[in-house]
Structures are given as C-alpha cells and as structure tokens.
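Structural features, examined
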Amino acid sequence: MVCGRSSDTYSALAEHILKWAASSDPGHVMWLNRNITKQKVGEEELSGLLEAFATDATTLASWMKQTFIERFYGPRPHPFVRALQRPTRATLLGYVVEHQHFLRQWVRSAASVIAKTDRRDVTSYEIDNIVTEFGGQGSDAPAHYELLLRMGEALGLPREDVLSTSPLPRTKQALNFWAKLAERGHWVEIMAAMHGLELIANRDLVEEGASMRYFDPAILKDEAVPEAVKDFLREGYEADVAHSEEALALVEKYAKEFGLQDRVRAAYLQSLDAFDLHLNARLERGRDYESA
C-alpha cells in the first residue's frame, strides 16, 4: 500500500513491509507507524493487522473521512490548519504561491478521470469541477483559480509574480505523485486521491470529530480582511461540503463495482502524504514573506 506494491496475500505484503522497515526505509516505516501500529510485531501479527485494516467494516467513504480527520484535524491539527485560523499576510501569500500549482495539477487529474471513464455521472461531475475550479462562469462566478490570484493581488503580490514562481521542492514532490497517478492509475484511484483532499474545507467535519474548521469563519465578517481574501476562502467553505461528499459517494460506488477498494485506500493514503508535503510547503513559502 505504501509503495503501490500489490500482493496476493496479506502475509506476503507483511513480509514486504517488514523487510523494508527493517532497513529503516522512511516511507515504509512512516506508513506502518501512521496507519497500522507503532509496536514491533512479527509477520503473522502484521498480516492480521493489514487484513483488518483493508477489510474495515466501515464504508469506504466513512473510512476516508475519519482517516482525513485523524491526519489533519486530530488532537494535533496540521500546522497549516492552525496557521489559517487567524492567518497573517505571509501565510496567505504562501498559500497563493504554492496552491496555484496544486490547482493546475488538480484540473489535469480531473481531466484524466474524464479521459479514462465511461460513466456519465463521473464525467458530468468532473466537468462541473473543472469549470468551477479553473474555467469559471463569467464575471458573476469567477473560477476558484482566479479568486486565488485575486487574493494574492489584494495582498500586494502581482499575479505575474505568482505565475512565474516555481513550486518549492515539497510541492514539486507532491505534484509528481499526483501526475504519475493521473497517468498510470485507475480513474477511481485518481478520484479518491484528488477529491478526498477537498475534505480539508468541509466544515461539516467538526460534526464527525474534527477539532476545528479549516479557518475561523469569523474571518468572513472581519472588516480588516480584504474582500478578495474573503471571496477566495468563502468559495471553498461553501462549495467543498457538497463537492467532497458527492465525490466520496462516487468513489465508494465504483470502487466496489470494480473491486478496487484496496487500491483506492492505498492511493488515498499516498495522496494524504503528498498533501501533507504541500501544506508544509505553503508554510515554508509564507516565511519568505514574513519580513516583506
């Protein structure tokens, strides 16, 4: 699951993970600690834990939500989420510069799903998302990407500067993962990996155990906050509940139809790792603007 390896048995998968963990491979060690156990276990016990993990009785959509909550909204929320509660100008600029790269890859991934699927409900869903995120629907409904650039401009950063700035290494690493998955993965895996990330702005997660929302909604009424910042944050705050819920339902439906539950879980967990890198890159980029 951690490296995309497929195995015929959980015993073989346990053997593979233990082999790489014993050699202190960071990816396998972190995946094992984060998702299965931090205790030292043998092959037989690990095999049982892996089977239990892969055959969790909860629905796939519920599992995705709870996994996301634990990772980004647990007792120790992600540092970027904490910073966004009352964001500084530097934090928001770091968000703008790094996130524009994510949005461009997100649209490519959605287009890849369209190219690979023959399901009309999935095609319609992805077309709607591409229009919302990148195309827009005229001056009354600009794309989320356009709102992001306007937020940067309102904070004193010309869009030309944003568009000409290369991603930081951690964002680039994350983009490479999503690009490879879009090229090689099944379209259900791609949907899970990308749309599962929209849970970050799903304000309803607090009702399912999240320790906080993506940002303090009081920001939207703060007169000291530029309107362009509010417009960008409000768009995700209002849209990502429906977007993420619909996507998870489609993922669950078709993962079951194609027998891809294990592969979807693996792709999703890898995508969360990539997203963690990207969120940290937003903070790293923001530090460049702290004295500006």
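Residues numbered from 1 in each chain as written. Predicted model: local features only at pLDDT ≥ 70, side-chain atom pairs only at ≥ 80, totals over all residues. Heavy atoms only, no water.

Let us look at the overall build of the protein chain. Helices and strands together make up the secondary structure of the protein chain, namely 13 helices and 0 strands. Beginning at the N terminus, the succession of helices and strands in the protein chain can be written as α-α-α-α-α-α-α-α-α-α-α-α-α. Per-residue burial for the protein chain yields a buried fraction of 51% across its 292 residues. Of all intrachain contacts in the protein chain linking residues separated by at least 6 positions in sequence, the fraction that spans at least 24 positions is 78%. Summing over all exposed atoms, the protein chain offers an accessible surface of approximately 13700 Å²; the carbon and sulfur share of this is 49%. (Helix = DSSP H or I, 4+ residues; strand = E, 2+ residues; numbered from the N terminus. Buried < 20%, exposed > 50% of the residue type's maximum accessible area, 1.4 Å probe, protein only. Contact = heavy atoms within 4.5 Å. Areas by Shrake-Rupley, 256 points an atom, 1.4 Å probe, with all protein chains shown as cover.)

Let us now look at the nonpolar core. Counting residues in hydrophobic clusters, the biggest one holds 77 residues, and the most contacted among them are Phe 68, Tyr 73, Met 151, Trp 178, Ile 200 and Tyr 214. With 12 residues, the top contributor of residues to this core is helix H6 (residues 89-116). Residues within four places of Met 151 in sequence aside, it is in contact with Leu 92, Tyr 95, Val 96, Ala 228, Val 229 and Phe 232. By size, the runner-up hydrophobic cluster in this structure holds 5 residues, among which are Ala 14, Ile 36, Val 41 and Leu 46. (Core = buried A, V, L, I, M, F, W, Y, C linked by side-chain atoms within 4.5 Å.)

On to H6. Taking 1.5 Å of rise per residue, 28 residues should cover 40 Å, and H6 covers 40 Å from first to last C-alpha, within 8% of that figure. Most pronounced at His 99, the bend in H6 amounts to some 35°. (Expected span 1.5 Å × (residues − 1). Bend = angle between axes of the 7 residues up to and from the residue.)

Taken as a whole, helix H7 (residues 120-135) has its buried residues at Val 122, Tyr 125, Glu 126, Asn 129, Thr 132 and Glu 133. One side of H7 carries all its buried residues, which in axial view fall inside an arc of 130°. Turned more than 90 degrees away from the buried face of H7, the exposed residues are Arg 120 and Gly 135. (Arc of directions from axis to C-beta.)

Attention now goes to a negative patch on the surface. Side chains of Glu 15, Glu 43, Glu 44 and Glu 45 sit close together on the surface and give a patch of like negative charge. Looking at the negative patch, the element that brings in the most residues is helix H3 (residues 43-54), giving 3 residues. Here Glu 45 falls in the partly exposed class, since its relative accessible area comes to 49%. (Patch = residues over 30% accessible without salt bridge, like charges linked within 9 Å, V, L, I, M, F, W, Y side chains within 5 Å. Salt bridge = Lys/Arg side-chain N within 4 Å of Asp/Glu carboxyl O. Lys, Arg positive; Asp, Glu negative; His and termini not counted. Charge placed at Lys NZ, Arg CZ, Asp CG, Glu CD.)

Remark: the centre distance and the inter-plane angle together describe each pair of aromatic rings, the angle taken between the planes. Scanning the model with the defined rule gives 15 aromatic pairs in all. Between the aromatic rings of Trp 187 and Phe 258, the centroid separation amounts to 5.8 Å while the plane-to-plane angle is 85°, which identifies the pairing as edge-to-face. Residue Trp 187 is located in helix H11 (residues 187-195), and its partner Phe 258 is located in helix H12 (residues 227-258); the two are separated by 71 residues in the primary sequence. Look at Trp 187 and you get buried, because its relative accessible area is 4%. A relative accessible area of 33% places Phe 258 in the partly exposed class. The rings of Phe 68, Phe 72, Tyr 73, Phe 102, Trp 178 and Phe 275 are connected pair by pair, giving a single aromatic cluster. Looking at Arg 282, its charged tip hangs above the ring of Phe 80, at a distance of 4.9 Å from the centre. (Phe/Tyr/Trp six-rings, centres within 6.5 Å; stacked < 30°, edge-to-face > 60°. Lys NZ or Arg CZ within 6 Å of the ring centre and 35° of its normal.)

Moving on, we come to the environment of Ile 127. For Ile 127, the location among the structural elements is in helix H7. Residues Ile 127 and Ile 114, 13 residues apart in the sequence, show an inter-C-alpha distance of 7.9 Å.

Another aspect to go through is the environment of Glu 153. Note on placement: Glu 153 falls in helix H8 (residues 144-154). Once the C-alpha coordinates of Glu 153 and Leu 93 are considered, the two residues, 60 residues apart in sequence, prove to be 9.5 Å apart. Ignoring anything within four residues of it in the chain, the contact list for Glu 153 reads Pro 158 and Arg 159.

The next point concerns the side chain of Arg 282. One can find Arg 282 in helix H13 (residues 261-287). The side chain of Arg 282 is buried and forms no salt bridge, while Glu 98, the nearest opposite charge, is found at 7.9 Å. A polar contact of 3.0 Å, which involves the side chain of Arg 282, links it to the side chain of His 99. In this structure Arg 282 touches Phe 80, Gly 94, Tyr 95, Glu 98, His 99, Tyr 214 and Phe 275, once residues within four positions along its chain are discounted. (Polar contact = N/O pair within 3.5 Å; in protein donor to acceptor, adjacent residues only side chain to side chain.)

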